Amino acid sequence: MSEICTLLHHLANENKLERFVFPFDVAQIPRNGIYILFEAGEHAHETDRIVRVGTHTGNNQLRARLQQHFVTENKDRSIFRKNIGRAFLNRTKDPFLEQWNWDLTTRKAKDAYGNLLNRDYQQEMERRVTEYIQDKFSFVVLEIVDKAERLKFESRIISTVSLCKGCHPSAEWLGLHSPKAKIRQSGLWLVNELYKEPLSEQEFVVLREIASKPSS
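Below or above, wherever it landed, is the structure these notes cover. What you see is a predicted model, and the numbers here were worked out from it, not measured in a lab.

With that out of the way, let us pick up the side chain of glutamate 154. One can find glutamate 154 in helix α7 (residues 147-163). For the buried glutamate 154, no salt bridge is present, and the opposite-charge side chain at shortest range is arginine 52, 6.3 Å distant. Each residue touching glutamate 154, except ones within four places of it in the same chain, is listed here: Ile34, Val53, Gly54 and Thr55.

So, on to helix α6 (residues 119-136). With 18 residues, α6 should cover 26 Å at 1.5 Å per step; its first-to-last C-alpha distance of 25 Å lies within 8% of that length. Three or more residues of α6 are buried, namely Gln122, Met125, Glu126, Val129, Thr130, Tyr132 and Ile133. Looking straight down α6, one finds that the buried residues subtend no more than 165 degrees of arc, so they occupy a single side. Structural note: α6 exposes Asp120, Glu131 and Asp135 on the side pointing more than 90 degrees away from its buried face. Those residues of α6 that are buried are in contact with β2 (33-44), α2 (62-70), α3 (79-91), α4 (97-100) and β4 (137-143).

Our next topic: the environment of asparagine 192. The topology assignment puts asparagine 192 in the loop between α8 (181-186) and α9 (201-212). Residues asparagine 192 and isoleucine 158, 34 residues apart in the sequence, show an inter-C-alpha distance of 8.6 Å.

Ranked by size, the top nonpolar core spans 32 residues in total, and within it Ile84, Phe137, Phe139 and Trp189 carry the most contacts. Residues contacting isoleucine 84, with those up to four places away along its chain left out, are Val129, Tyr132, Ile133, Phe137, Leu174 and Trp189. One finds Phe38, Val53, Leu188 and Phe204 within the second-largest nonpolar core, a separate group that totals 29 residues.

Spatial ordering of the open sheet is given by β1-β4-β2-β3, a layout of four strands whose pairing is antiparallel. Edge positions in the sheet fall to β1 (20-21) and β3 (47-54), since each has one partner strand and no second. As judged from the seven bridges shared by β2 and β4, these two strands associate in the antiparallel manner. Each residue of the ladder has a partner; that of isoleucine 34, found in β4, is leucine 142. Contacting β2, β3 and β4, α2 runs over the sheet at an angle of about 35 degrees to β2.

If charged atoms from side chains of opposite charge come close, those side chains can pair. In this structure the tally under the stated criterion is twelve salt bridges. The partner of aspartate 76 in a salt bridge is lysine 75, and the shortest N-O contact between them spans 3.0 Å. Relative accessible area serves as the criterion here: at 16%, aspartate 76 is assigned to the buried category. The class for lysine 75 is buried, based on a relative accessible area of 1%. For aspartate 135, the salt bridge is made with lysine 136, and the minimal N-O distance between the two is 4.0 Å. Taking relative accessible area as the criterion, aspartate 135 reaches 58% and is therefore assigned exposed.

The rules behind the values
Residues numbered from 1 in each chain as written. Predicted model: local features only at pLDDT ≥ 70, side-chain atom pairs only at ≥ 80, totals over all residues. Heavy atoms only, no water. Helix = DSSP H or I, 4+ residues; strand = E, 2+ residues; numbered from the N terminus. Buried < 20%, exposed > 50% of the residue type's maximum accessible area, 1.4 Å probe, protein only. Lys, Arg positive; Asp, Glu negative; His and termini not counted. Salt bridge = Lys/Arg side-chain N within 4 Å of Asp/Glu carboxyl O. Contact = heavy atoms within 4.5 Å. Expected span 1.5 Å × (residues − 1). Arc of directions from axis to C-beta. Core = buried A, V, L, I, M, F, W, Y, C linked by side-chain atoms within 4.5 Å. Pairing = 2+ DSSP bridges. Axes fitted to C-alpha atoms, helices over the stretch in contact; angles between N-to-C directions.

Structure (structure tokens):
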């Protein structure tokens, strides 16, 4: 597993894959695909460590998904943002963590919790999360148009990294303060698709071919 994870990391770090940092031009990002995130200060296999892998379910929604992570200040539309905020709050044992965990996307939830929410502090936390993500994270994209193919490779990549004994977070990694055990243990900003079926050698060859093709 360490061998194929090493190959995966070096593939994702190759110069032929454009590395996006904020602010990025969404027009340069494919409409469909998988994104692979790196975080400043995190390394594995003698290169930048993969800390999150994600995709989208709706057609042509990759750009919108990345905007939800990097720009839109609404943690209920991005579990990635929510988990960053959780780690910040849990690190200092901030009681606002309980409110941060509320999902206010439904009318029922808004009616139940809306009047109790400290909105000013929530906005402050959203800004803090935005600043951290925009400052600390970069990413590459693998263009995959077919939804089933995207979901398959997302799962395989996540499992490959989470199963690898050579991928460890640094002692300063923010995720070590997450209240989510799966994040702390995996070293990834993820709780789903961990420790499942990893990339096979044949699938890695396909992934390498995908990476070598210019984006449409």
